[in-house]
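Fold and contact review
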Amino acid sequence: MWKADQETVIVEAFINGHHVPSRSQSAKENPADPAEIVGYFPVTTKEQAVEAIEAAAEAFKIWKKTPIDERIARMRKAIEKIRAAENEIVHLLSREHGKPLYDAHGEIYVSLMWMEFACNEAASVLQEEVQEHDHGKTILSYDPMGVVAAISPWNYPIALSTIKIAPALLAGNTIVLKPSPFAPLAAAKVAELIASEFPAGVINVVHGDADVGVELTRNPLVAKIAFTGGTATAKHIIKAASETIKDMTLELGGNDAAIFLDSFDVQDERAMRRIVISNFLTTGQICMIAKRVYVHRSIYDAFVEKYIEAANRWIRIGDPFDANTTVGPVNNLKQKNYVQGLIEDARQRGAKVIPLGQILDQQRFEQGYYLQPTLVLDCDYHDPIVVEEQFGPTVPILPFDDVEQVIHLHNESIYGLTSSVWGQEEEAILVARQLEAGTTMINTAAVQGLDVRFPFGGFKQSGIGREYGAEGIRTYTEQHVINVPKTLDLPYIPE
Ligand code: NAD
C-alpha cells in the first residue's frame, strides 16, 4: 500500500487489467498548500480511451454470463479491501482534494454504505419475474446493457465513482471510469482495488478532461453514460451521445433551498448546527448542500443572530490534517475565483457580507485556495448569488412573507435536486409536497438527510434518472420481456 500522507502518488491508466504508461502526465497539487505536488496522473489519449472501451466490450461477453452470486461475492471482497485500506485512501483523498480528514472518512462511509446496500439488494432487485396470466406466460428480465462510461466530478470523487461502479458491475455490465482531473488519485486507487477482484477488462480507468470524456460519450460501443457533474457539461454529453441514442443517468447541479417556517424554533441549537453543516460541509462543495436559505420574516432577525453564533462555533478553517479543522480550502483556484466573484458581485449590489468561523492557521490560509465562509444578507431574490449554484463556502439568507411566496421562489429555479423544510413536522410535510425537488428533507438537510436506500436525483436541469435505491441498480439494465401468448392468432387479422 502506498504511503498516502508522504509519497508522491503516481497513477496510470488501467486498461484490461494492466497499467498503461502514458507519454504525458499532469500534476495534482494539494489545495491546502499548492506548492506540494501530491501526485501525477496521465493524460489518456483518444486511442487509449478507445482501447479501454474495446477491452470493456470484450470483457462484457463473459462477464454478462457470470452468475449474480459470483458478482456479489467479488464485490463484497472489494468492499473488504477498501475497508482495510481506508486510512491510506482517506489521507490521499484529503491531500489531493482539501477536505478535512473526518470529511474524507465520511466519504468512504457513504461509499461503503451504498456498496453494501447494492450487494444486499442486487439479487432480489435483478431477479427476473415470471407471470402466468390469462394470455399466457411472460418473463421479465433485467439484462445488462454493455459498456458503461462512468464520468465523475471532483467534489466526492470516490462516492460518485462507486455509486456507479457497484450497481453497473452487479448488474453484469463492464465499465470505463473517468475521474475528474481535479481529484483523480484516490478515485483511481479505489477503482484499482475493486478491479483487483474482477476479471481483466471489467473495470478500466482512464484520465483527462473533456477530450477523453467526448470519446467516452460518443463511442458506439458505449451503451450507457453515468455522469455526475455540471449541467453545462451535461448539455455537451447529451449532444455527443445523441448520435447513437445512449441510455443516460445524469446527476447534475443544484441550487437547493432550505425553508424555515414560522413554527421553527430558533432556540434549537442542534437544528442551528445542522443547518450550518448543511451549508458548509466540504467547504460548501456538495451538489445537495443548502445553497439559499429562506426564513419567515417573523423569525428572521432572531434566526440570523442564532445562525451566526452557531456558525462561529462550528466553522474552524484550517489544515485538512488538523483534527480541529471542520472546513478546508476550496478544491481548485478556478472554483475559488468563481465563488469570490459571486460574493463580490453581491457586495456591489448592496448586500451585507458577514465572515463566519475562525481561521486556525493564518499562514496556511494564505498559502492555500482558502476562502473564509460568509453569510450574505440583504440581497435581492434574483441576484446571481441566490439563483446560481455557488458550490463554495457562502450562503445567502433571505426573508419571506408567506408560504405561497417561498414555494414560488423555490420552484422558479431551473434546478430541483434537493430541498429542506424546517418547522412543525406536519406543516413542513405539507410544504414539502409542493416543492419540485428529487428529495426534500424535514428539519435537516444535505448529506445529514441522505438515505442510500431511496432513489436520489433531480427534477428539471438537475438531472435525468436516479442513483441509489433499487432504482440505482436497475438503471444499469434493460428490461427484457419474453412473451409466450396462449392465443397466437389475433382475432382482428383476416385469414
Ligand atoms: P464538470 O461538469 O466540470 O466535470 C465533471 C466530469 O465531466 C469531469 O470528470 C470532467 O472531466 C468531465 N467532462 C468535462 N467536459 C466533458 C465533456 N465534454 N464530455 C464528457 N465529460 C466531460 O463538474 P465538476 O466541476 O467536476 O463538478 C461540479 C458539478 O457537479 C456541480 O455542478 C455539482 O452540483 C455537480 N454535482 C452533482 C451531483 C449530483 O448528484 N446531482 C453530485 C456532485 C456534483
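What you see is a predicted model, and the numbers here were worked out from it, not measured in a lab.

1. Section: the overall build of the protein
When you go through the protein residue by residue, the secondary structure sums to 16 helices and 25 strands. Here the C-alpha radius of gyration of the protein, 24 Å, is about what a compact globule of 495 residues would show, namely 23 Å. If you line up the protein on its principal axes, its C-alpha atoms span 75 × 60 × 40 Å. Per-residue burial for the protein yields a buried fraction of 58% across its 495 residues.

2. Notes on the UniProt feature "active site" (unreviewed entry) in the protein
Sequence positions flagged by UniProt for "active site" (unreviewed entry) are, in local numbering, E251. Here E251 shows up in strand 12 (residues 247-251). Exposure remark for E251: the relative accessible area of 4% places this residue in the buried category. Residue contacts for E251: discarding those within four places in its chain leaves F227, T228, G229, L417, F456, G457, G458, S462, G465, R466 and E467.

3. Here's the deal with the sheet that holds strand 1 (residues 9-10)
Strand order in the open sheet made by the 3 strands is 1-5-4, with mixed pairing throughout. Strand pairing shows two members of the sheet lacking a second neighbour, strand 1 and strand 4 (25-30), which therefore form its edges. Pairing between strand 4 and strand 5 (residues 33-42): 6 bridges, direction antiparallel. Residue pairing in the sheet places S26 in a bridge with F41 of strand 5. Its contacts with the sheet place helix 3 (residues 86-97) against strand 1, strand 4 and strand 5, and it is angled at close to 115 degrees to strand 5. Against the sheet, helix 6 (residues 185-195) touches strand 1, strand 4 and strand 5, its axis set at about 35 degrees to strand 5.

4. A short note on the packing of aromatic side chains
Geometrically, a pair of aromatic rings is defined through the distance of the ring centres and the angle of the planes. Evaluation of the coordinates by the stated rule reveals 12 aromatic pairs. Their ring planes at 25 degrees and their centres at 5.8 Å tell us that W114 and F117 sit as a pair that is stacked. Taken as a pair, W114 and F117 lie in helix 4 (residues 101-125) at a separation of 3 residues, close to a single helical turn. Residue W114 shares its accessibility class with F117, and that shared class is buried. Through pairs of rings, three or more aromatic residues link up here, namely F260, F264, F303, Y307 and W422. Stacked on the ring of Y476, the Lys or Arg K224 has its end atom at 5.1 Å from the ring centre.

5. Some points on the packing of helix 4 against helix 5 (residues 159-170)
Two quantities define a packed helix pair, namely the angle between the helix axes and the distance between the axes. Two elements in contact, helix 4 and helix 5, have axes whose closest approach is 9 Å; the angle formed by their N-to-C orientations is 15 degrees. When the axes of helix 4 and helix 5 are compared, the pair comes out roughly parallel. For the element pair helix 4 and helix 5, the recorded crossing hand is right-handed. Facing helix 4, whose interface residues are E107, S111, W114, M115, A118, C119 and A122, helix 5 presents A159, T162, I163, A166, P167 and L170. Here the contact of helix 4 with helix 5 is built from residues that sort into 10 nonpolar, 2 polar and 1 charged.

6. A look at the UniProt feature "domain: Aldehyde dehydrogenase" (unreviewed entry) in the protein
The UniProt entry lists residues 25-480 under the feature "domain: Aldehyde dehydrogenase" (unreviewed entry), expressed in the numbering used here. A helix fraction of 42% and a strand fraction of 23% characterise residues 25-480, whose end C-alpha atoms lie 43 Å from each other.

7. Structural notes on the domain arrangement of the protein
You can read the domains of the protein as domain 1 (9-252 + 462-481) and domain 2 (257-449). A straight line from the C-alpha centre of domain 1 to that of domain 2 covers 30 Å. The partner domain 2 presents 28 residues to the 25 residues of domain 1 that form the contact. Approximately 2200 Å² of surface area, both sides summed, lies buried where domain 1 meets domain 2, with 58% of it carried by carbon and sulfur atoms. On the domain 1 side of the interface with domain 2, the three residues burying the most area are A32, W154 and S462, jointly 24% of the side's total. The closest approach of N and O atoms between R364 and D33, which form a salt bridge, is 3.6 Å. Inspection of the domain 1/domain 2 interface yields 11 residue pairs in polar contact (both at pLDDT 80 or more). Put simply, the parts of the chain that give the side of domain 1 that touches domain 2 at least two residues each are strand 5, helix 3 and helix 4.

8. Here we look at the sheet that holds strand 19 (residues 394-400)
Strands sit in the order 16-18-19-14-13-21-22 across an open sheet of 7 strands; the sheet is mixed. Sheet topology places strand 16 (352-355) and strand 22 (439-442) at the edges, where each strand pairs with a single neighbour. On average, each strand axis in the sheet is tilted by 20 degrees relative to the strand beside it, whichever way the strands run. Both strand 21 (residues 418-422) and strand 22 contribute to a ladder of 4 bridges, which runs parallel.

Rules behind the numbers
- The written sequence of each chain sets the order in which its residues are numbered from 1.
- In view of the model being predicted, local features appear only for residues whose pLDDT reaches at least 70, and side-chain atom pairs are presented and counted only at 80 or more, with totals across whole chains, interfaces and linings using the full set of residues.
- The basis for the side-chain values is all heavy atoms of the structure; hydrogens and waters are excluded.
- In this text, helices come from DSSP runs of H or I with a minimum length of four residues, and strands from runs of E with a minimum of two, each type numbered from the N-terminal end.
- Between the two quantities, the radius of gyration covers C-alpha atoms and the globule rule is 2.2 Å times the number of residues to the power 0.38.
- Whether a residue is buried, partly exposed or exposed follows from its accessible area with a 1.4 Å probe, protein chains only, as a fraction of its type maximum: under 20%, in between, or over 50%, in that order.
- UniProt positions are given in the numbering used here, feature names are shortened, and annotations may be inferred rather than shown by experiment.
- Working rule for contacts: check all heavy atoms of both residues, and any pair within 4.5 Å makes them a contact.
- Pairing between two strands is assigned when DSSP locates at least 2 bridges connecting them.
- Between the N-to-C directions of two axes lies an angle of 0 to 180 degrees, each axis being a line fitted to C-alpha atoms and, for a helix, fitted only over the stretch in contact.
- Stacked, edge-to-face and tilted labels apply to pairs of Phe, Tyr and Trp rings (six-membered ring for Trp) whose centres lie within 6.5 Å, assigned for plane angles under 30 degrees, over 60, and everything in between, in that order.
- Placement of a positive charge over a ring is assigned whenever Lys NZ or Arg CZ falls within 6 Å of the ring centre and within 35 degrees of the normal to the ring plane.
- To sort the angles, those under 35 degrees are grouped as roughly parallel, those over 145 as roughly antiparallel, those from 65 to 115 as roughly perpendicular, and the leftovers as oblique.
- The hand of a helix crossing depends on one turn: near helix anticlockwise from the far one by less than a right angle means left-handed, and clockwise means right-handed.
- Residues are sorted three ways: Asp, Glu, Lys and Arg are charged, Ala, Val, Leu, Ile, Met, Phe, Trp, Tyr, Cys and Pro are nonpolar, and all the rest, Gly among them, are polar.
- Domain delimitation follows an automatic or database domain assignment.
- When two components associate, each loses some accessible surface as probed by a 1.4 Å sphere; the sum of these losses over both components is called the buried area.
- What makes a salt bridge here is a side-chain nitrogen of Lys or Arg within 4 Å of a carboxyl oxygen of Asp or Glu, nothing more.
- Polar contact is defined as a pair of N or O atoms within 3.5 Å, subject to the rule that within protein one atom must be able to donate a hydrogen and the other to accept it, and that residues adjacent in sequence are counted only when both atoms are side-chain atoms.

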